[in-house]
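Notes for the structure review
Letter by letter, the chains look like this.
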Amino acid sequence: CPQENKPYLHSYLLNKESVQWKAPLSEKLISIACSADGRYCCAGGSSGNAYLWDVYTGELRSQWQANFNEVLGISFLGSSSELLVTSGKDS
C-alpha cells in the first residue's frame, strides 16, 4: 500500500502500464544512471551514499559511501557494468 512521503524507485516495462518492481528509498536521490547493458541502475543520494540495483529483479545489490557529501553525478563507463564513477561536493 503506497504511503505519502515515502520515496520509492519505480521500474516500468515500456509496453505495460504497471510497475515491474519498486524499491523503497532511505533518502532523496540526486543522480541516477543505468549501465549500457541495461542490467544495473545506480543512484547517488544526498548523504553521499550510492545504491546499486539489479534492474531485472529489483534487488538492491550494494550500498556504499561514495562521497563525503551529496552525489551530484554518477556514470557507468564503457559497454560493461564493471566501472562506475561518482562525483560530489567533496573538498
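What this report covers is the structure whose coordinates are included nearby.

The rules behind these values
Residues numbered from 1 in each chain as written. Predicted model: local features only at pLDDT ≥ 70, side-chain atom pairs only at ≥ 80, totals over all residues. Heavy atoms only, no water. Patch = residues over 30% accessible without salt bridge, like charges linked within 9 Å, V, L, I, M, F, W, Y side chains within 5 Å. Areas by Shrake-Rupley, 256 points an atom, 1.4 Å probe, with all protein chains shown as cover. Salt bridge = Lys/Arg side-chain N within 4 Å of Asp/Glu carboxyl O. Helix = DSSP H or I, 4+ residues; strand = E, 2+ residues; numbered from the N terminus. Buried < 20%, exposed > 50% of the residue type's maximum accessible area, 1.4 Å probe, protein only. Contact = heavy atoms within 4.5 Å. Pairing = 2+ DSSP bridges. Axes fitted to C-alpha atoms, helices over the stretch in contact; angles between N-to-C directions.

1. A look at a nonpolar patch on the surface
A surface patch of nonpolar side chains, about 230 Å² in accessible area, is lined by Leu77, Leu83 and Val85. Within the secondary structure, Leu77 is located in the loop between strand S7 (71-76) and strand S8 (84-88). You can call Leu77 partly exposed: its relative accessible area is 38%.

2. A closer look at the environment of Leu29
Examined against the element boundaries, Leu29 turns out to sit in strand S3 (residues 29-34). The class of Leu29 is partly exposed, set by a relative accessible area of 23%. As for Leu29 and Tyr12, which are separated by 17 residues in sequence, their C-alpha atoms are 18 Å apart. Those residues in contact with Leu29 that sit more than four places away from it in its chain are Ala43, Gly44, Gly45 and Tyr51.

3. Let's talk about the pattern of salt bridges
Using the criterion set out here, one finds 3 salt bridges in the structure. Ionic pairing is found between Glu70 and Lys89, a salt bridge with its closest N-O pair at 3.6 Å. Separated by 19 residues along the polypeptide, Glu70 in the loop between strand S6 (60-65) and S7 and Lys89 in the segment after S8 bring together distant segments of the chain. Since its relative accessible area comes to 23%, Glu70 is described here as partly exposed. Looking at Lys89, the relative accessible area reads 53%, which means it is exposed. Connected via shared salt-bridge partners are Arg39, Asp54 and Arg61.

4. Regarding the sheet that holds strand S5 (residues 49-54)
Taken in spatial order, the 4 strands line up as S3-S4-S5-S6 in an open sheet, and their pairing is antiparallel. Either end of the sheet is taken by a strand with one partner, and the two such strands are S3 and S6. Direction aside, the axes of adjacent strands within the sheet are offset by 15° on average. Pairing analysis gives 5 bridges linking S3 to strand S4 (residues 40-45), with the strands arranged antiparallel. When the sheet's bridge partners are listed, Leu29 is paired in S4 with Gly45.

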